Amino acid sequence: MTAKPAYSLLLAIFITSACSLAYEVLLIRLFSIIQWHHFAYLIISLALLGYGVSGVFLAFNRERLKAVYPRAIYANLVLFALSVPGCFWIAQQIPFNSVQILWSIQQFWFMCAIYVLLALPFFFAANVIGLTFYQYRQDASLIYAADLCGAGIGSLGIIIGLFVLLPGKILFVLAGSGLAAAMLVMAFAFRGAFGKTSLRLTLFMLVAISSFGLLSGMPLTISPYKDLSQLLRIPGTRIVEQHSSPLGLLSVVESSQMPLRHAPGLSLNADTEPPPQLGVFTDADAMSAITQYDGNPETIRYLDQTTSALPYHLQKLRSVLILGAGTGSDVLQARYHEIAHIDAVELNPQTVDLVKEKYAGFAGQLYDPAHVTVHIAEARGFVATSKEQFDLIAISLLDGFGASAAGLYALSETYLYTEQAIAEYLRHLKPGGYLSLTRWIKVPPRDLPKLIATVKKVLDNAKVNNPELTVVLIRSWQTGTLLVKNGAFSGAEIAALKRFCEERSFDTDYYPGINEADINRFNIMQEPYYYQAATALLGEQGENFIADYKFNIEPSTDDRPYFFHFFKWRTLPEILSLLGQGGISLLESGYLLLLIGLVQAGIASVLLIVVPLGLWKRKLGIAAGSRQHLRILLYFSCLGLAFLLIEIAFIQKFILIMHHPLYAITGVVSTFLLSAGIGSHYSKKLSEGNDKSMIIRPVAAISLLSTLYILGFEEIINFLLQMSDLTKIISCAGLIAPLGFCMGMPFPMGIASLSRTSPELIPWAWGVNGCASVISAILATLIAMQFGFSVLVFMALGLYGLAAFSFPSSDSAG
């Protein structure tokens, strides 16, 4: 029997797993910066196929690698460390343009090349773990525990790292950590297998990589189609500073020759222009501006020439809540209108620091506590816990126009625009108060009709009489503002609205009693699309309009929070026929790329798992006439699918409790992985038998806990929302840990069973699990978008049940 793995080897696996998960998260951040986040998601899913490739590679070479195990582990650790920055650097040299991927075959091959490059680090990391499973198969629970706990710490570490270092530098920190793991293996786990020369060479590489990375870091080649790249083409513009966090890379830009002018939707009648501004970009996109303010209201009068200024002209407002305050344009607008009490909520503390500290003098002390109360919080969570009511709650343009218009946010979940969120905002309005929602204008309309449909559904649920009397909609050439009143709009307010729009050449698309003579007058469209949508959705034909509309404008909910998912299959042929005529803006490319990713992951999994199974059974270690491999395939596929389906669903559910997406992702993932690691270690006690009964207990516990949480989630949310932040975090960890503990057991129990019945199939089972996890990451989003997170969880429970049925025990061998 092989000796137990040394603690230094387990520590090396811990470090490798931590670095691998951190690298996965880092790639999401890096590709969100240089491309767009939807492409980042696709890249990560396909790059993780490195785990599947590793399984097949180890299955075919298991005995050869086992004979040189110490050197094989060392070589893969060093290759992992070098490939983390190396492969990303090479990938950046490939002239890939994600905007053209849907119609250019050349870009498809470029993307495939990037997949291969990014898969390599995962391949080397998976080799370390998978080969160790085979070498020390009797201690699979201990090895899997080190793997999961390492991943849990890695998920915490990368979040902290992104606050401290720029993403390009963290690549080298991960490379250095990989080399440190290699030194652990050399110096302690297998001391006699390596000479001093190898140790010195590894130490030299560690010092060189760490020094270079911390001094300079990896330069990022940003897509020329992103807003920041476009702006930097203007002579005299430059980036003056950058700040990193998990919420985004902030870049501050100034122009010495041509003044920046950022005023979305500014009236074409405006007789004033913005004062000097500094551009602020998040992930090289979604520009906002810090405006120079000297205290003279006349210098910011341009803000009264935008659609979002409408509520200030309908009645005297005293208290305003601005959600997503950012660099402060909406706050400045409220200051211009002499609002006595302004609450500003912003998620990113680094954005607040720019306005409140670094550029406070330039911005005229905009966030001075004497004028504004700033809350660093997630908008939905802040409103849910607030005891105040307001005259106005405003949400304006929280995304960039280019990405929004191109459908690049289709995969983004947001709880700002769900039915439950709109209901929460309306409950926090004073009698006669307004909810103001400003969005980009798109043709055909998508965002604003979906918001109108959501508002109508909320008002109907609240039994509001005549909801059509509580809504108005106006638009400029670029932006539209939807106002919802806590009460019916009066004749005086309608008259004020008409004056406001007439003076600024804004179009009135809906107000109570509107007639067709008042529409489509200034910013003329081929058809009065917004008027048609608003009148239909607020009238008796709303359901029919939604069903017949060419885009998905059904209200999003907390269970399906994909507000930007507008795709409808029946519209695709028409859109594709218009691609040569400029129809790309109608294509919800993010959703389609996700589908392409699922197809590619499926094809890759067939090539990696099914083809070797059909052609090289003997080489894999499968005896002639045996059907045991089918159970193994089903068991480990179900586990790979189910684990991520539940994890992703609970991340989304717990955002509502923890409010901050960063806290939810970090807390849920790390708690799941750490508790699963503990469960894996404990599972050895349950694995002493070798029959199906031992898998029943953890699967039954997973099913019971998941069902209780999903069915009782509204009660859990309502209870925890009243607690302090610390109590919420502790409570969420307490809820997740028992579930994670049980979810950590089935995989090592399956490996333990294989070690007794078919040890030669352990590497292949490792690859099957990896491929299934890749498919699961994509499939989870598609299922959630279509059916909701509750369906996602119950589907995962069905997969766990199927896994229990197919458990590869000795009594089922043959």
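In this text the structure is predicted, and so the values were computed from the model without any measurement.

A. Looking closely at empty space enclosed by the protein. Evaluated as defined, the whole model comprises two cavities of 30 Å³ or more. The calculated volume of the largest cavity comes to roughly 80 Å³. Forming the boundary of the largest cavity are Lys450, Asn552, Glu554, Pro555, Ser556, Arg560, Tyr562, His565 and Met785. A breakdown of the residues in the lining of the largest cavity according to their chemical character gives three nonpolar, three polar and three charged. Looking at the second largest cavity, the residues that line it are Ser308, Pro311, Tyr312, Ile322, Asp330, Gln333, Leu392, Ala394, Ser396 and Ser436. Those elements that place two or more of their residues in the lining of the second largest cavity are α10 (329-336) and β8 (390-396). Looking at the lining of the second largest cavity element by element, the count peaks at three residues for β8.

B. Molecular detail of the sheet that holds strand β6 (residues 341-346). A sheet is described by the order of its strands in space; here eight strands give the open sequence β7-β6-β5-β8-β9-β11-β10-β12, paired in mixed fashion. In this open sheet, the two strands that pair with only one neighbour each are β7 (372-376) and β12 (507-510). Taking the axes of each pair of neighbouring strands and ignoring which way they run, one obtains an average angle of 20° across the sheet. Two elements, strand β5 (residues 319-323) and β6, share five bridges in a ladder whose sense is parallel. Counted as the bridge partner of Ile322 is Ala344 from β6. Across the face of the sheet, helix α16 (residues 491-504) comes into contact with β9 (429-440), β10 (471-475), β11 (479-485) and β12 while running at roughly 5° to β10. Each of β9, β10 and β12 touches helix α17 (residues 529-538); the most contacted strand, β12, lies at about 25° to it.

C. Structural context of the sheet that holds strand β3 (residues 277-282). One open sheet holds the four strands; their spatial order is β1-β2-β3-β4, and the pairing between them is antiparallel. Either end of the sheet is taken by a strand with one partner, and the two such strands are β1 (237-245) and β4 (285-291). Here the strands of the sheet are splayed against their neighbours by 25° on average, with no regard to which way each runs. In terms of strand pairing, strand β2 (residues 248-255) meets β3 through four bridges, oriented antiparallel. In the sheet register, Val252 faces β3, and the bridge partner there is Val280. This element, helix α11 (residues 349-358), spans β1, β2, β3 and β4 of the sheet and lies at about 125° to β1.

D. Molecular detail of the packing of aromatic side chains. Applying the stated criterion across every chain yields a total of 28 aromatic pairs. Between Phe636 and Phe747, the ring centres sit 5.5 Å apart and the planes meet at 80°, which makes this aromatic pair edge-to-face. Taken together, the residues span a long stretch of sequence, with Phe636 in helix α22 (residues 628-658) and Phe747 in helix α27 (residues 746-757) at a distance of 111 residues. Comparing Phe636 with Phe747, the two get one shared label, buried. Pairing Phe654 with Phe713 gives two aromatic rings, centres 5.5 Å apart and planes at 85°, and the pair type is edge-to-face. One end of the pair, Phe654, is in helix α22; the other, Phe713, is in helix α25 (residues 713-720), with 59 residues separating them in the sequence. Taking the relative accessible area as the measure of exposure, Phe654 reaches 1% and is therefore buried. Counting every residue linked through ring pairs, the aromatic cluster contains Tyr23, Tyr51, Phe122, Phe133, Tyr144, Tyr635, Phe636, Phe747, Trp766 and Phe807.

E. Broad picture of the layout of surface pockets. Its boundaries defined by the atoms lining it, the second largest pocket holds a volume of some 390 Å³. Taken together, 16 residues line the second largest pocket, and the ones lying closest to its centre are Leu49, Cys112, Tyr115, Val116 and Ala604. Elements supplying a minimum of two residues to the lining of the second largest pocket: α3 (49-67), α5 (105-135) and α20 (589-615). Take the lining of the second largest pocket: its biggest share by element is seven residues, from α5. Taken together, the residues that form the lining of the second largest pocket break down as 14 nonpolar, two polar and no charged.

F. Quick look at the pattern of salt bridges. Inspection of the entire model under this criterion finds 18 salt bridges. The closest approach of N and O atoms between Lys684 and Asp139, which form a salt bridge, is 3.0 Å. In this pair, Lys684 sits in helix α23 (residues 661-686) while Asp139 sits in the loop between α5 and α6 (140-164), placing the two residues 545 residues apart along the sequence. Here Lys684 falls in the partly exposed class, since its relative accessible area comes to 37%. A salt bridge links Arg261 to Glu273; the nearest nitrogen and oxygen atoms lie 3.3 Å apart. One end of the pair, Arg261, is in the loop between β2 and β3; the other, Glu273, is in the loop between β2 and β3, with 12 residues separating them in the sequence. Note on Arg261: relative accessible area 38%, which makes it partly exposed. Ionic contacts of the salt-bridge type, sharing partners, join the residues Asp271, Glu298 and Arg301 into one network.

G. Structural detail: the pairing of β3. Taking burial as the measure, the six residues of β3 include five buried ones, the bulk of the element. Count of turn residues in the β3/β4 antiparallel hairpin: two residues, of which Asp283 carries a positive phi of about 55°.

Basis of the calculations
Residues numbered from 1 in each chain as written. Predicted model: local features only at pLDDT ≥ 70, side-chain atom pairs only at ≥ 80, totals over all residues. Heavy atoms only, no water. 1 Å grid on protein atoms, 1.4 Å probe; cavity = no way out; pocket = protein on both sides within 12 Å on 5 of 7 lines; lining within 4 Å. Points joined across faces, edges and corners; volume = space filled by probe spheres on them. Nonpolar A, V, L, I, M, F, W, Y, C, P; charged D, E, K, R; others polar. Helix = DSSP H or I, 4+ residues; strand = E, 2+ residues; numbered from the N terminus. Pairing = 2+ DSSP bridges. Axes fitted to C-alpha atoms, helices over the stretch in contact; angles between N-to-C directions. Contact = heavy atoms within 4.5 Å. Phe/Tyr/Trp six-rings, centres within 6.5 Å; stacked < 30°, edge-to-face > 60°. Buried < 20%, exposed > 50% of the residue type's maximum accessible area, 1.4 Å probe, protein only. Salt bridge = Lys/Arg side-chain N within 4 Å of Asp/Glu carboxyl O.

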